[in-house]
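Structure assessment
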Amino acid sequence: MVNIQVPTIKLNNGAGMPQVGLGLWKVDKGTCADVVYNAIKEGYRLFDGACDYGNETEAGQGVARAIKEGLVTRSELFIISKLWNSFHDAERVEPIVRKQLGDWGIDYFDLYYIHFPVSLQYVDPSVRYPPGWYMDGARKEVVRGKATLQGTWGAMEALVGAGLAKSIGISNYNGALVLDLLAYARIVPQVLQIEHHPYLTQAPLLELCRREGIAVTGYSSFGPQSFLDLGMKFAEDFQALFSHPVVVAVAEKHGRTPAQVLLRWNTQRGVAVIPKSSSLERLRQNLDVCSFDLSEQELKDISALDCGFRFNNPLNYGIPVYNFV
Ligand SMILES: NC(=O)c1ccc[n+]([C@@H]2O[C@H](COP(=O)([O-])OP(=O)(O)OC[C@H]3O[C@@H](n4cnc5c(N)ncnc54)[C@H](OP(=O)(O)O)[C@@H]3O)[C@@H](O)[C@H]2O)c1
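Residues numbered from 1 in each chain as written. Predicted model: local features only at pLDDT ≥ 70, side-chain atom pairs only at ≥ 80, totals over all residues. Heavy atoms only, no water.

With that settled, consider the overall build of the protein chain. Scanning the protein chain from N- to C-terminus turns up 12 helices and 10 strands. Dimensions of the protein chain, computed from C-alpha atoms along their principal axes, come out at roughly 55 × 50 × 40 Å. Taking all 325 residues of the protein chain together, 53% fall into the buried category. Of note, the protein chain has its 31 positive side-chain charges centred 1 Å away from the centre of its 34 negative side-chain charges. (Helix = DSSP H or I, 4+ residues; strand = E, 2+ residues; numbered from the N terminus. Buried < 20%, exposed > 50% of the residue type's maximum accessible area, 1.4 Å probe, protein only. Lys, Arg positive; Asp, Glu negative; His and termini not counted. Charge placed at Lys NZ, Arg CZ, Asp CG, Glu CD.)

Take a look at the structure:
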């Protein structure tokens, strides 16, 4: 087992969250159990899953194997999942969380997020699971639901009381939605998860969260990379961050890879990261991202790449395919 020190972020309820973890989006079902098991062996403790990733059962198998072999205990792990858009109606929340916990083979989540501030029509898990964005095989029809975010948040708060989630969070909320939530929340979210990379630095939102005591986790830390994997053409219009001259120059200076520099840029901004990798070598690299420091100037140079571009924008799943009925 590798001994890499990962800092812990103290959440507003006193819980500790590792600042570096493994994202599970697009981790293939067939390899997911091994990826999670190997990641635990490498020292990963935080796993960022979701109903929508379609691999919670397999991720849970990796966890179970590691626990069975005595590599780790459940309480040493920080397991995260998310509420999919089709389950926003308050009465749907607890049943789907119980199903997801069953898939993982655990009895609580360390953190459970609202995945998107978008309510879609309910889909019974026996009909299609995970439901995804589209109601039809032609990937054209997105049918909106009627749940309000306030109602959904009330059901999220109830999960804490029921012992099903230790912490609760929100994802893909902008500043206005965070402010709105703060007006009615009985539990201030512990974490906001957002897209965050040098092309989308989100400085005002980070500052709002800092003031309100909400920790921030950044996803898609490598910018366009994750969206190239999906074949999204617009991602090709961007200079890959791994070969961007600014990032490469900093990496060479520190004797690190561009990926490590991008992750360190995040963590020095106080943001937690959850890079996804299915490669053992890259899993190792991505965990070791807090043992060197970028200078203020290097941080500024990387932040100056900001162009406010959001790769993961629900409207891109939409226009022209959104067809609200
Ligand atoms: N809340 C949300 O709506 C939301 C949205 C998106 C993502 N997320 C979460 O955030 C996690 C991370 O984001 P992401 O999956 O979009 O993308 P990401 O971590 O930015 O990028 C993943 C891509 O980078 C490659 N990669 C990983 N480490 C590398 C390294 N050291 N050097 C070179 N290439 C490397 C991976 O390939 P290999 O696998 O081949 O290494 C993969 O192609 C997700 O898995 C998910 O848990 C949440």
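Read on, since the account is not over.
Moving on to the site of the ligand. Close contacts around the ligand come from 29 residues, with Asp 48, Ser 226, Asp 229, Ser 277 and Arg 282 the closest. Here Asp 229 contributes a side-chain N or O atom positioned 2.6 Å from an oxygen atom of the ligand. For the ligand, an oxygen atom lies 2.5 Å from a polar atom in the side chain of Arg 282. Protein burial of the ligand: of its 890 Å² of free accessible surface, 91% is covered by the chains. Broken down by secondary-structure element, the contributors of at least two residues to the shell around the ligand are helix 7 (225-229) and helix 10 (280-287). Class assignment for the residues of the shell around the ligand results in 10 nonpolar, 14 polar and 5 charged. (Near = heavy atom within 4 Å. Polar contact = N/O pair within 3.5 Å; in protein donor to acceptor, adjacent residues only side chain to side chain. Areas by Shrake-Rupley, 256 points an atom, 1.4 Å probe, with all protein chains shown as cover. Nonpolar A, V, L, I, M, F, W, Y, C, P; charged D, E, K, R; others polar.)

Of all hydrophobic cores here, the largest spans 88 residues; its most connected members are Leu 24, Phe 47, Trp 104, Tyr 112, Trp 153 and Leu 192. By residue number, the principal contributor to this core is helix 1 (residues 29-42), which donates 6 residues. Those residues in contact with Tyr 112 that sit more than four places away from it in its chain are Ser 81, Lys 82, Leu 83, Ile 96, Val 97, Gln 100, Met 156, Leu 159, Ala 165, Ser 167, Ile 168 and Gly 169. Counting 13 residues, the second largest nonpolar core, distinct from the first, contains Ile 9, Leu 11, Ala 215 and Tyr 219. (Core = buried A, V, L, I, M, F, W, Y, C linked by side-chain atoms within 4.5 Å. Contact = heavy atoms within 4.5 Å.)

Here we take up the confidence of the model for the protein chain. For the protein chain, per-residue confidence averages 94 on the pLDDT scale, and 95% of positions sit at 70 or higher. Confidence drops under a pLDDT of 50 for residues 319-325, and excluding neighbours within four residues, the segment shows 17 contacts in the predicted structure. (pLDDT = per-residue confidence, 0-100.)

A rise of 1.5 Å per residue sets the reference length of helix 3 (residues 90-104), with its 15 residues, at 21 Å; its end C-alpha atoms lie 22 Å apart and thus fit the reference within 8%. All of the buried residues along helix 3 are Val 93, Ile 96, Val 97, Gln 100, Leu 101, Asp 103 and Trp 104. Mapping the buried residues of helix 3 onto a view down its axis gives an arc of 150 degrees, with all of them on the same face. Exposed and facing more than 90 degrees away from the buried side of helix 3 are Glu 91 and Gly 102. Where helix 3 is buried, its residues contact strand 4 (46-48), helix 2 (56-68), strand 5 (78-83), strand 6 (109-114) and helix 4 (149-161). Two residues or fewer after helix 3 comes Gly 105, characterised by a positive phi angle close to 75 degrees. (Expected span 1.5 Å × (residues − 1). Arc of directions from axis to C-beta.)

Three or more residues of helix 5 (residues 175-184) are buried, namely Val 178, Leu 181 and Tyr 184. For helix 5, the arc enclosing every buried residue in end-on projection is 125 degrees, short of the 170-degree limit, so these residues lie on one face. Helix 5 presents Ala 176, Leu 179 and Ala 183 as exposed residues on the side facing more than 90 degrees away from its buried surface. Its side-chain oxygen 3.2 Å from the backbone nitrogen of Ala 176, Asn 174 forms the N-cap of helix 5.

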